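# Inside the fold
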Amino acid sequence: MTIEKVDIEPKPELFEDALKQQLAKNKPLFVYVYAARNPETGISWCPDCVKAEPFLEELNRIPDAVLLECPVLRPEYKGNPSYPYRTHSQIQLKGVPTLIHWTKEGPQERLVEEELHSKGPISSIIDKVIKA
């Protein structure tokens, strides 16, 4: 089983439409805001994001889940308190990476930065989603 990944590119202005499209599928949805990968190396500019990547594989345990990937570019994000994901009323981004379980009621559980550096916190959310 593999999670369906939907990447909206580093364009926060596309988030609302992409979110609506994914919620309409009535599948378990996770929003992942992370530091964009270098196109030449495939490696993120953020060390926390690099550490989190292997643990995101846990999401594959959820049948038919969707991961809405929302990359951020370093020059636009770093030190910018008005970055769109920071000011978005439901995301309120504090740091990258951030993983949010999202339902039609809005954001549910969220994991930020080092909380994504181990299997335990992600597994806890996954277990709740599977039981729901």
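Data block above holds the structure.
A few points on the structure.

Reading guide: rules and limits
- Residues numbered from 1 in each chain as written.
- Predicted model: local features only at pLDDT ≥ 70, side-chain atom pairs only at ≥ 80, totals over all residues.
- Heavy atoms only, no water.
- Helix = DSSP H or I, 4+ residues; strand = E, 2+ residues; numbered from the N terminus.
- Rg over C-alpha atoms; globule rule 2.2 N^0.38 Å.
- Buried < 20%, exposed > 50% of the residue type's maximum accessible area, 1.4 Å probe, protein only.
- Contact = heavy atoms within 4.5 Å.
- Areas by Shrake-Rupley, 256 points an atom, 1.4 Å probe, with all protein chains shown as cover.
- Lys, Arg positive; Asp, Glu negative; His and termini not counted.
- Charge placed at Lys NZ, Arg CZ, Asp CG, Glu CD.
- Pairing = 2+ DSSP bridges.
- Axes fitted to C-alpha atoms, helices over the stretch in contact; angles between N-to-C directions.
- Core = buried A, V, L, I, M, F, W, Y, C linked by side-chain atoms within 4.5 Å.
- Phe/Tyr/Trp six-rings, centres within 6.5 Å; stacked < 30°, edge-to-face > 60°.
- Lys NZ or Arg CZ within 6 Å of the ring centre and 35° of its normal.
- Arc of directions from axis to C-beta.

## Notes on the overall build of the protein
In terms of regular secondary structure, the protein is built from 5 helices and 5 strands. Listing the helices and strands of the protein from first to last along the sequence gives β-α-β-α-β-α-α-β-β-α. Against the 2.2 N^0.38 benchmark of 14 Å for 132 residues, the protein shows a C-alpha radius of gyration of 14 Å, consistent with a compact globule. Every one of the 132 residues in the protein was classed for burial, and the buried ones make up 44%. In the protein, the proportion of contacts linking residues at least 24 apart, taken out of those at least 6 apart, comes to 63%. For the protein, the accessible area works out to roughly 7,100 Å², and carbon and sulfur atoms hold 51% of it. With 17 positive and 20 negative side-chain charges, the protein shows a separation of 3 Å between the mean positions of the two kinds.

## Here we look at the sheet that holds strand 4 (residues 98–103)
Within the open sheet, the 5 strands sit side by side as 1-3-2-4-5. Their pairing is mixed. Across the chains shown, the open sheet's two edge strands, defined by having one partner strand only, are strand 1 (4–7) and strand 5 (106–112). Adjacent strand axes in the sheet meet at a mean angle of 25 degrees when their direction is disregarded. Across the sheet, helix 2 (residues 47–56) touches strand 2 (29–35) and strand 4, and the angle it forms with strand 2 is around 155 degrees.

## Looking at the nonpolar core
The biggest cluster of nonpolar side chains holds 41 residues, and the ones touching the most others in it are Phe15, Leu59, Leu68 and Tyr85. Breaking this core down by element, the ones donating at least two residues are helix 1 (15–23), strand 2, helix 2, strand 3 (66–72), strand 4 and helix 5 (119–131).

## A word on the packing of aromatic side chains
One pass over the structure, following the stated rule, counts 6 aromatic pairs. Both rings, one in Tyr32 and one in Tyr34, keep their centres 5.0 Å apart while their planes meet at 10 degrees; by these two values the pair is stacked. On the numbers, 5.8 Å between centres and 65 degrees between planes, the contact of Tyr83 with Tyr85 is edge-to-face. Residues Tyr83 and Tyr85 agree in their burial class; the two are buried. The structure contains a cluster of three or more aromatic residues connected by ring pairs, namely Phe15, Trp45, Tyr77, Tyr83, Tyr85 and Trp102. Arg86 extends its terminal NZ or CZ atom over the ring of Tyr77, reaching a point 4.0 Å from the ring centre.

## Things to note about helix 2
Along an α-helix, residues three or four positions apart point the same way, because every turn accommodates 3.6 residues. Along helix 2, the residues classified as buried are Cys49, Ala52 and Leu56. The arc that holds every buried residue of helix 2, seen down its axis, measures 65 degrees, which confines them to one face. When the buried face of helix 2 is taken as reference, the exposed residues oriented beyond 90 degrees from it are Pro47 and Pro54.

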